[in-house]
Amino acid sequence: MSAIIEPVGVLGGLGLLFGIGLSLASQVFAVETDPKVEEVRKALPGANCGACGFPGCDGLASAIGKGEAPVTACSVGGSAVANKIADIMGVNAVETTREVAVVLCQGDCDKAKNKYIYDGIQDCRAENILAGGSKSCSYGCLGCGTCKDVCDYDAIQIVNGVAIVDKEKCVACKACIDACPKEIIELVPYEQEVVVKCMSNDAGKVVRNNCSVGCIGCKICVKNCPVDAFTFENYLAKIDYDICTNCGICADKCPTKAIWSGLEDIETIAQ
Amino acid sequence: MNILTILVSTVFVNNFVLARFLGICPFLGVSNKIETATGMSIAVTFVVTLSSIITYVIQVAILDVLGLQYLQTIVFILVIAALVQFVEMVIKKTSPTLYEALGVYLPLITTNCVVLGVAILNIQEGFNLIETIFNSIGASIGFGIALILISGIREQLEPVDVPEALEGFPIALITAGLMSIAFLGFNGLV
């Protein structure tokens, strides 16, 4: 019997001894983790999209906990999450402007001309390699839907050869911005209703030949803007969204309607 | 056998890494930077010395008395595992940077054959407690010297234009082999 009891007793006894020793040591050497980090982590969306620039939501949570990142760093969560995190961290809630991605091109199949018929892989990056894509305008949306494919939130649709972002679904993760070979997707404030939806730096005549809704650089918008929100460079008007009051006058005056407006009744407001 | 002989023997002649080929895993894994190599050497020194003392006491006081020498391996592994856990807790508390630098290699000391090798060799050589302690210290100093030497060489190799097929681990293995040959020169010293 002792041939069994002794080894079992020795091994079991030693195991028990070490176990007790370790559990005592774990209390003595316990490392206090910041409970705030865990709470912040819970408040974050958990999509691990990386839009904040940190390796996943865990990375951002510990950065916020250390104070290395602002409480508003998560663009996906928007103000709701920022407020929650601000509560946890004991900072005053900062109002964040929600931003959404907007495709700055309206040159769909009817309005923009093609220089050749593309019959290759349905991917904008592939098409772009072939002489900058099939569109006559070298700045325009190619419409193969690469942005749609990379969108995890089903917010992008291709309508008549041009990508359109559903701003209700967009979380500003910037995945489409990184994927677009033409770099025509930009983040625009959610409330912004007037946007110059053209990225063409070509001169007016070239734009007119290629597309019926391009910015031809006539500067009518610049002259008519009551708050001087426009900057004009390389034959292209740009709106400073911080100054713009969404009055809609520019969209109304724009001869090619390159300035898109989400305002319901432009004419009444303009008057 | 006097203590000096034991030290010289374990550090140079019978260097555990370069002559006995034990502990190759951390030797190649943690040898990218001198800093982490030093940290690893210190951690191994601590674990080896402490575990040798404890295993020696257990061997003499329990296993030999009860005639359970056949439990040697499993009991020694138990001791080493518990000790590594303990060291991990201490390092995590006292030096988080070292803890992160050592990363997965710290728990890997558990299965590091140097630790078990030293513990078993101490018993096989019939050392007494003092000799055991110095043999363990010598063994870990030898391990540390080998680790720091190769990490120094690998740091120097970093900017060198190595043929593409030999980049990274292949050149490290060649380096290790050359170092091992160099250490053969200590043969017959003791």
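Please read these numbers as outputs of a predicted model, since none were measured by experiment. (Residues numbered from 1 in each chain as written. Chains lettered and ligands numbered in written order. Predicted model: local features only at pLDDT ≥ 70, side-chain atom pairs only at ≥ 80, totals over all residues. Heavy atoms only, no water.)

Our next topic: the interface of chain B and chain A. Across the boundary between the two partners, chain B contributes 18 residues, which contact 14 residues of chain A. Taken together, both faces of the contact between chain B and chain A bury some 1,400 Å²; the carbon and sulfur share is 88%. Together, Leu78, Met89 and Lys93 of chain B form the three largest contributors to the area buried by chain B at its contact with chain A, with a combined 33%. Applying the counting rule to chain B against chain A returns zero salt bridges. Elements represented by at least two residues in the side of chain B that touches chain A include exactly α3 (34-66) and α4 (72-94) of chain B. Examining the composition of the side of chain B that touches chain A, we find that eleven residues originate from one element, α4 of chain B, more than from any other. Across the side of chain B that touches chain A, the residue classes tally to 15 nonpolar, one polar and two charged. (Contact = heavy atoms within 4.5 Å. Buried area = accessible area lost by both parts, 1.4 Å probe. Salt bridge = Lys/Arg side-chain N within 4 Å of Asp/Glu carboxyl O. Helix = DSSP H or I, 4+ residues; strand = E, 2+ residues; numbered from the N terminus. Nonpolar A, V, L, I, M, F, W, Y, C, P; charged D, E, K, R; others polar.)

This part takes up the nonpolar core. Generally speaking, nonpolar side chains in soluble globular proteins are found buried as a group. Leu18, Phe27, Val47 and Ile109 of chain B are the most contacted members of the largest nonpolar core, which totals 33 residues. Of all the secondary-structure elements, those providing two or more residues to this core are α2 (24-29), α3, α4, α7 (113-124), α8 (129-157) and α9 (169-184) of chain B. With six residues, the single largest contributor to this core is α3 of chain B. Setting aside anything within four residues of it in sequence, one finds leucine 18 of chain B in contact with Phe27, Ala146, Ala176, Met179, Ser180 and Phe183 of chain B. Grouped together as the second largest cluster of nonpolar side chains are 24 residues, Ala101, Cys105, Ala172 and Leu187 of chain A included. (Core = buried A, V, L, I, M, F, W, Y, C linked by side-chain atoms within 4.5 Å. Buried < 20%, exposed > 50% of the residue type's maximum accessible area, 1.4 Å probe, protein only.)

Residues and elements named next belong to chain B. By the definition in use, this model includes three aromatic pairs over all chains. Considering the side-chain rings of phenylalanine 12 and phenylalanine 186, the 4.9 Å spacing of their centres and the 40° angle between planes classify their relative orientation as tilted. Pair noted here: phenylalanine 12 is in helix α1 (residues 3-13) and phenylalanine 186 is in the segment after α9, with a separation of 174 residues, a long-range link. Note on phenylalanine 186: relative accessible area 27%, which makes it partly exposed. (Phe/Tyr/Trp six-rings, centres within 6.5 Å; stacked < 30°, edge-to-face > 60°.)

Residues and elements named next belong to chain B. Structurally, the position occupied by leucine 189 is in the segment after α9. Among the residues examined, leucine 189 registers a relative accessible area of 54% and is labelled exposed. If sequence neighbours within four positions are ignored, leucine 189 has contacts with Val8 and Val13.

Residues and elements named next belong to chain A. The phi torsion at tyrosine 235 lies on the positive side, around 60°, for a residue other than glycine. Topologically, tyrosine 235 is positioned in the loop between β6 (230-233) and β7 (236-239). Overall, tyrosine 235 belongs to the partly exposed group, its relative accessible area being 44%. Here the phi dihedral of asparagine 246 falls at roughly 60°; this positive angle occurs in a residue that is not glycine. Mapped onto the fold, asparagine 246 is located in the loop between β7 and α10 (249-253).

What follows covers the confidence of the model for chain A. Averaged over all residues, the pLDDT of chain A equals 84, while 95% of them reach at least 70. The low-confidence segment residues 265-271 of chain A (pLDDT under 50) makes seven contacts with residues lying over four places distant or belonging to another chain. (pLDDT = per-residue confidence, 0-100.)

What follows concerns the pairing of β7 of chain A. Successive residues of a regular strand alternate their side chains across the two faces of the sheet. Residue and element names in this part refer to chain A. Pairing of β6 with β7 involves four bridges; the strand directions are antiparallel. Each bridged residue has a counterpart across the sheet, and for phenylalanine 230 the counterpart in β7 is isoleucine 239. Following β6, the chain reverses through two residues before pairing antiparallel with β7; asparagine 234 in that reversal takes a positive phi of roughly 50°. (Pairing = 2+ DSSP bridges.)

Our focus in this paragraph is the packing of α3 of chain B against α8 of chain B. Residue and element names in this part refer to chain B. Packing of α3 against α8 leaves a shortest axis separation of 9 Å and a crossing angle of 165°. Compared by their axis directions, α3 and α8 come out roughly antiparallel. As α3 packs across α8, the resulting crossing turns out to be right-handed. For the contact of α3 with α8, the per-class residue count stands at 13 nonpolar, eleven polar and one charged. (Axes fitted to C-alpha atoms, helices over the stretch in contact; angles between N-to-C directions. Parallel < 35°, antiparallel > 145°, perpendicular 65-115°, else oblique. Left-handed = near helix turned anticlockwise from the far one by under 90°.)

For the rest of this paragraph, the subject is α8 of chain B. Over its 29 residues, α8 of chain B runs 42 Å from end to end, which matches the ideal 42 Å to within 8%, given 1.5 Å per residue. One side-chain oxygen of the residue at the start of α8 of chain B lies 3.1 Å from the amide nitrogen of isoleucine 130 of chain B, identifying that residue as asparagine 128 of chain B. (Expected span 1.5 Å × (residues − 1). Polar contact = N/O pair within 3.5 Å; in protein donor to acceptor, adjacent residues only side chain to side chain.)

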